[in-house]
Amino acid sequence: MSSRKGVKKMRNEKVGIVGYGVCIPIERIRTEEIVRRREIGRKDLDDFLAKIKDGLLLRYKSIANYSEDTTTIATEAAENAIRMARIDPKLIKSVAVGTESKPYAVGLTARHVASFTGIGQNVFVADIEGACNAGMQAVNYVMSQIKSGVVDYGMAIGSDVSQAPVRDALEYSAGAGAGAFLLGKDDLLASIKDMAPFSSLFLDFWRREEMPFPKHFGRTTVEAYTTHVVGAMEELLRRHPDMKISDFDYITFHQPSGYMPLKVCKTLAQQEISVGFDESVRDRLRLTQEDIEKKVKPWLVVLETGNTYAASTLIAISAILDKARPGENILAVSYGSGAYTIATWLRVENGIRKREGCGPKVQEYLSRRREIDFPTYVSYLADRIRREKRRLTYPRVVGEVEDTGDGSLEVLLCLGCNRVYFPIRNRCFQYDCEGPLEKITLPRRARLIRIIDLPIKQRRIFDITVMRGGYVYIVDSEPNELKPGVELEPVIRRLNYEGSDGLIIYGPCYRPMFRRS
C-alpha cells in the first residue's frame with residue numbers, strides 16, 4: 001500500500017497506539033428476553049425473534065448497573081490502556097472522551113477520567129460529541145495534537161451507556177461499553193497511517209436538547225450508514241491509488257447491529273457495485289465472500305454487547321489487536337448519525353509483541369458475563385431516565401478487607417455533607433461546609449476478611465460512616481459469591497447522587513480480582 005505524490009498527507013513521523021484497553025460491564029441480558037417481554041402481543045413473535053437473532057445478529061446486551069455510568073467505564077478502559085503502555089500517567093497531556101451519554105451536561109467526563117487515573121492537572125481535556133463516531137473523532141483529535149507537537153502522549157476514549165426508548169428497535173441493540181487508546185510516538189503497537197473523513201447533513205438519527213432518548217427514521221439509517229461508510233472508504237482509496245479494500249488483513253465497520261456492517265459487505269461483494277459516488281475507485285472497493293468470512297465476521301463484537309455507540313469501533317479494533325501480528329493492516333470505518341464517518345488505516349507494529357499479558361483482552365471481558373433477569377433490567381433503565389432523583393438507592397454489599405501490599409489510595413471524606421473526594425483535595429466543594437474532613441487510606445489490592453451485616457437503614461444507601469469505619473463497598477458480586485480470602489481490586493464507581501440536579505459522588509469500590517497484570 002503506497003501513497004500518491006503531491007497529495008497532502010499526514011506528517012511522516014509515526015503516531016499511533018502505545019496502549020489500549022476496554023471495559024464491558026459484567027451484567028448482560030439476552031436480547032431475546034427483552035423482545036419476548038416487549039412484543040408479547042405479536043402474532044408473529046417467533047418470526048420477529050428470528051429476525052432479531054439471525055437477521056440483525058443480536059444475542060446479548062451489556063448493561064451498566066447502578067454503580068456504573070459513562071465516566072466509570074471510561075475510567076476502567078483508560079486504566080487498562082495505561083497499564084498496557086507501562087508509562088507514568090502524568091506524561092499524558094491530553095484526554096478526549098467521545099460520548100453521547102455524558103453524566104453531566106456541563107461538567108467534563110474527560111476531566112473526571114484524567115483525575116481518577118492519575119493523569120494530573122496540566123492536561124488538555126475535551127468531551128467530543130458526534131454520535132457513534134465520537135470515539136474515533138477523539139482519536140483524530142489526540143493524534144493531531146501529537147502530530148503538531150503540542151503533546152507527546154494523549155488518551156482517546158469512546159464510552160457510552162446507550163439510550164433507547166422502550167419498545168423501539170433501538171432498545172434491542174443499545175448496550176454499554178468503553179474503549180481507550182493511549183496514543184504516542186514511541187514503542188507503537190499500531191501506527192495510524194491515515195484517517196479519511198466523509199460527512200453530510202443526513203439526519204437519520206438525532207436527540208434534541210433535554211430529551212432522554214434519540215429518535216430516528218428507521219430504515220433511513222441503513223441508507224445513511226451505507227452511503228457514509230462507503231464514502232469514507234472512497235476518500236481513503238483516492239489518497240492511496242495502489243490500495244484496495246481487500247488488501248487489508250482485518251476490516252471492521254461500526255456495529256449498530258450485526259446486520260449493518262454485513263449489509264455493506266454484501267453490497268461490496270456484488271458483481272456490479274451500486275453504491276458510492278466515485279466510479280474511479282469503485283472496483284477497488286470490492287470484497288469477496290472469503291474476505292467477509294475471514295476479515296470481517298470474527299470482529300462482530302456487537303453480538304455479545306449490543307451497540308456500544310461511541311465505543312463500538314474502538315472495542316472492535318482492540319479485539320483485532322489482541323490477535324494481530326506485526327506488519328498486518330487494519331481498516332476500521334466508524335460511523336455517527338447526522339452523519340459522519342472516518343475510515344482509519346492502522347498498521348500493526350513490532351511493539352504489539354511486548355504487550356502480551358499486559359491486561360485483559362476483549363474476549364476476557366466478553367466471557368466475564370453475569371446474566372440478569374428482565375425485572376432487574378427494567379429497574380436499571382428506570383434509574384437512568386428518572387427525572388426526580390433523590391439519592392442512589394440499591395442493595396449495598398459491604399466488606400472488611402486487609403491490605404495485600406501493592407500500594408494505597410488516599411480518599412477524603414466530608415462528614416458534613418456525606419461526600420467522598422477522590423483524588424483528595426484541601427476542602428469541600430461547598431464553600432460554607434464546616435466538615436469535618438477526614439482522610440482515609442484504601443489498599444490497591446485487598447483480601448476479603450468478611451461481609452458486614454449492615455443495619456436496615458444502611459442497606460440500600462451510601463453512608464460515609466461505613467467507609468469511615470474501615471469498611472469498603474463491593475460491587476459486581478452477590479454476598480453469597482464472596483468468600484473470606486477472595487482477592488479484590490479497586491474500581492471507580494458511582495456511590496451516590498445528590499438529587500436529579502446535584503453532584504454525582506464517585507469513589508473507589510471493590511470487586512473480585514479481574515485485572516491481574
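Right above here is the structure, for reference.
Computed from a predicted structure; not experimentally measured. (Residues numbered from 1 in each chain as written. Predicted model: local features only at pLDDT ≥ 70, side-chain atom pairs only at ≥ 80, totals over all residues. Heavy atoms only, no water.)

Attention shifts here to helix α2 (residues 45-55). When we look at burial in α2, the residues that qualify are L45, F48, L49 and I52. One side of α2 carries all its buried residues, which in axial view fall inside an arc of 100°. Exposed residues pointing more than 90 degrees away from the buried face of α2 are listed as D46, D47 and D54. Those residues of α2 that are buried lie in contact with α1 (31-38). Within two residues after α2, L57 carries a phi angle of roughly 60°, on the positive side. (Buried < 20%, exposed > 50% of the residue type's maximum accessible area, 1.4 Å probe, protein only. Helix = DSSP H or I, 4+ residues; strand = E, 2+ residues; numbered from the N terminus. Arc of directions from axis to C-beta. Contact = heavy atoms within 4.5 Å.)

Attention shifts here to the pattern of salt bridges. All chains considered together, the criterion is met by 39 salt bridges. Between K102 and D127 there is a salt bridge, with its nearest N and O atoms 2.5 Å apart. Linking K102 in the loop between β4 (92-98) and α4 (109-116) with D127 in strand β5 (residues 124-128), this pair joins segments that are 25 residues apart in sequence. Here R511 and D476 are joined by a salt bridge, their closest N and O atoms 4.0 Å apart. Taken together, the positions of R511 in strand β22 (residues 504-512) and D476 in the loop between β20 (472-474) and β21 (487-497) put the pair 35 residues apart, joining distant regions of the chain. Judged by its relative accessible area of 8%, D476 is buried. Through salt bridges with shared partners, a single ionic network connects E68, E76, E79, R368, D476, E489, R493, R511 and R515. (Salt bridge = Lys/Arg side-chain N within 4 Å of Asp/Glu carboxyl O.)

What follows concerns the packing of α1 against α2. Between α1 and α2, the least distance of the axes is 10 Å, while the angle of their chain directions is 150°. With respect to α2, the axis of α1 lies roughly antiparallel. Between α1 and α2 lies a crossing whose hand is right-handed. Listed contacts from α2 to T31, E32, V35 and R36 of α1 are L45, D46, F48, L49 and I52. For the contact of α1 with α2, the per-class residue count stands at five nonpolar, one polar and three charged. (Axes fitted to C-alpha atoms, helices over the stretch in contact; angles between N-to-C directions. Parallel < 35°, antiparallel > 145°, perpendicular 65-115°, else oblique. Left-handed = near helix turned anticlockwise from the far one by under 90°. Nonpolar A, V, L, I, M, F, W, Y, C, P; charged D, E, K, R; others polar.)

In this section: the layout of surface pockets. Of the voids in this model, the second largest pocket is the one considered here, and its volume is about 760 Å³. Along its surface, the second largest pocket is lined by 31 residues, and L56, A169, H216, G218 and M260 are the ones closest to its centre. Going through the elements one at a time, α2, α6 (220-239) and α7 (259-268) are the ones with two or more residues in the lining of the second largest pocket. Classifying every residue of the lining of the second largest pocket gives 17 nonpolar, nine polar and five charged. (1 Å grid on protein atoms, 1.4 Å probe; cavity = no way out; pocket = protein on both sides within 12 Å on 5 of 7 lines; lining within 4 Å. Points joined across faces, edges and corners; volume = space filled by probe spheres on them.)

Glancing now at the sheet that holds β5. Within the open sheet, the nine strands sit side by side as β5-β4-β6-β7-β1-β8-β13-β12-β11. Their pairing is mixed. The sheet terminates laterally at β5 and β11 (250-253), the two strands that pair on one side only. Each strand of the sheet is rotated relative to its neighbour by a mean of 20°, with strand direction disregarded. Pairing of strand β12 (residues 329-336) with strand β13 (residues 338-348) involves eight bridges; the strand directions are antiparallel. Of the residues in β13, the one forming a bridge with L331 is W345. Here helix α5 (residues 134-147) sits on the sheet and contacts β4, β5, β6 (153-161), β7 (176-184), β8 (190-202), β12 and β13; the angle it forms with β6, its principal contact strand, is near 170°. (Pairing = 2+ DSSP bridges.)

Axis separation between α1 and helix α12 (residues 374-385) bottoms out at 10 Å; the angle between their running directions is 85°. Overall, the two elements α1 and α12 adopt an arrangement that is roughly perpendicular. Of the residues in α12, those touching α1 at E33, I34, R37 and R38 are F374, Y377, V378 and L381.

Right, let's talk about the sheet that holds strand β17 (residues 419-421) for a bit. Across the sheet, which stays open at both edges, the three strands sit in the order β17-β16-β18 with antiparallel pairing between neighbours. Two strands in the sheet have a free side with no partner beyond their single neighbour: β17 and β18 (437-443). Put simply, the sheet's adjacent strands are angled 30° from each other on average, direction ignored. Of the pairings in the sheet, the one linking strand β16 (residues 408-414) to β18 comprises seven bridges and is antiparallel in character. The residue of β18 that forms the bridge with V411 is I440.

Honestly, that's just the spatial picture; any functional story needs more than this.
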